[in-house]
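# Commentary on secondary and tertiary structure
Chain by chain, the residues run as shown.
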Amino acid sequence: MISRLEELKSKCETALQNADTVSGIEDVRISYLGKKGVLTDILKGLKDLSNEEKASVGQAANQIKTQITDAIDAKRHALERDEMNAKLVSDTVDVSAPGVGRGSGASHPLHRMEKLIVECLGRIGFSTVSGPEIETEFNNFEALNIPASHPARDMHDTFYMKDGGVLRTHTSPVQIRAMQTMAPPLRILAPGKVFRCDADVSHSPVFHQIEGLLVDKHVSFAELKGTLEFFLRSLFGDSKKVRFRPSYFPFTVPSCEVDLECVMCKGKGCGICKQTGWLEVMGAGMVHRNVFKAVGYDPEEVTGFAFGLGVDRLAMLYYQISDIRLLYENDARFISQFKGAA
Ligand code: PHE
């Protein structure tokens, strides 16, 4: 019996030597040590032997089982290592190969437009300030001469917060914050998001404005006109006509709406300007004395003008974008068209 075991061991060793793949080794293991393996068979047969034989054969069989198991493991490890080494050699990385390009992004047309406007007015001394998107009713309305009972509140389609705050409906409350914290003279721009509770093809519930405010001694309406004409002509071309139409805002008097000669039809009349030849691009006016009083400025000492323009609308005209929703869908194909743009 013992000699049979020895013979079995040497046969197994030969089989192992001949096996040259990991799966070949697994075959050897199954045929010797598997459930129906040769050695397993012998071990199963131990129970039929006499007690002395059981002891000696059992011991030898277990020893051989351990030796075979060890030999299989050793060979398997050696082969796995060889296979890994071979793979490492054949899988060499070409460090000089060009990488996979990700392409560069493009900044959003709204950002570009805002930057252009801020740069343009920065050249004549306006610097940028900012204010929070959640405002107090005082800053958004009262201080701007819009008391609670004022009909102009309805025009603003306000989102009210539970705690009494509002999502600012325009950037004008930043005028209030600026004047509360800075003494005149003042020349500021306040770009930012504003919110109104209405949405259709040409209105988004969130859009972008830039507020302008200039306060000094003896500021006149002529300066308002000169500043805004300079600004619009710098952006859209020196020959563009600009027109000031009387209008109404509670926080400015006199107030006006500023129209730019249509950029599509050059004043002839088209679908974009609704056949008028003109595009309304911003609201403006001389700061109302009640606004100065609300922030502690003396209306006998200073005067000023303010304007508010819609960045979305200007961007649509400047880049000739026909649908406001394109600005908010974040479609990379749309945005990438602005890569080289000014
Ligand atoms: N805040 C006004 C609006 O949102 C625009 C404006 C700003 C008008 C400053 C006059 C002066 O409609």
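This is a predicted model, so every value here is computed, not measured.

Where burial is concerned, most of strand β4 (residues 186-195) is hidden: eight out of the ten residues are buried. Sheet topology places strand β1 (residues 127-128) next to β4; two bridges connect them, and they run parallel. Directly across from Ser127, in β4, lies its bridge partner Ile188. Pairing geometry for β4 and strand β5 (residues 206-216), over ten bridges, is antiparallel. Across the sheet, Leu186 pairs through a bridge with Val215, a residue of β5.

Turning to helix α9 (residues 221-236), a few remarks are in order. With 16 residues, α9 ought to run about 22 Å at 1.5 Å a step, and its terminal C-alpha atoms sit 22 Å apart, in line with that. Tucked inside the fold, the buried residues of α9 contact α5 (109-122), β6 (242-249), β7 (252-261), β8 (278-287), β9 (303-310) and α11 (311-318). Immediately downstream of α9, the backbone of Gly237 shows phi near 120 degrees, a positive value.

Here we take up the site of the ligand. Surrounding the ligand, one finds 14 residues, the nearest of these being His170, Ser172, Arg196, Gln209 and Gly308. Between the ligand and the protein, one listed contact pairs an oxygen atom with a side-chain N or O atom of Gln209 at 3.0 Å. Isolated, the ligand exposes 320 Å² of accessible area, and the fraction of that covered by the protein chains is 90%. The set of elements that each furnish at least two residues to the shell around the ligand consists of β5, β8 and β9. Here the shell around the ligand gets three residues from one element, more than from any other, and that element is β9.

All chains considered together, the criterion is met by zero disulfides. Free of any disulfide, Cys270 has its nearest neighbouring cysteine sulfur in Cys265, separated by 3.7 Å. Classification of Cys270 as buried rests on a relative accessible area of 16%.

In this section: the side chain of Thr171. Tracing the sequence through the fold places Thr171 in the loop between β3 (166-167) and α8 (173-181). Accessibility expressed as a relative area gives 0% for Thr171, which makes it buried. At 2.8 Å, the side chain of Thr171 and the side chain of Glu211 are in polar contact. The residues contacting Thr171, other than those within four sequence positions of it, are Ala190, Pro191, Gly192, Val194, Gln209, Ile210 and Glu211.

On to unusual backbone geometry, then. The omega angle of the peptide bond from Pro184 to Pro185 is 0 degrees, so this bond is cis rather than trans. In the segment running from Val253 into Pro254, the intervening peptide bond is cis, with an omega of -5 degrees. Of note, Asn145 is a non-glycine position whose phi angle comes to about 70 degrees, a positive value. Structurally, Asn145 can be placed in the loop between α6 (137-140) and α7 (152-155). Its identity is not glycine, yet Lys266 carries a phi of approximately 55 degrees, on the positive side. Note on placement: Lys266 falls in the loop between β7 and β8.

Reading the values: the criteria
- Residues numbered from 1 in each chain as written.
- Predicted model: local features only at pLDDT ≥ 70, side-chain atom pairs only at ≥ 80, totals over all residues.
- Heavy atoms only, no water.
- Buried < 20%, exposed > 50% of the residue type's maximum accessible area, 1.4 Å probe, protein only.
- Helix = DSSP H or I, 4+ residues; strand = E, 2+ residues; numbered from the N terminus.
- Pairing = 2+ DSSP bridges.
- Expected span 1.5 Å × (residues − 1).
- Contact = heavy atoms within 4.5 Å.
- Near = heavy atom within 4 Å.
- Polar contact = N/O pair within 3.5 Å; in protein donor to acceptor, adjacent residues only side chain to side chain.
- Areas by Shrake-Rupley, 256 points an atom, 1.4 Å probe, with all protein chains shown as cover.
- Disulfide = S-S within 2.5 Å.

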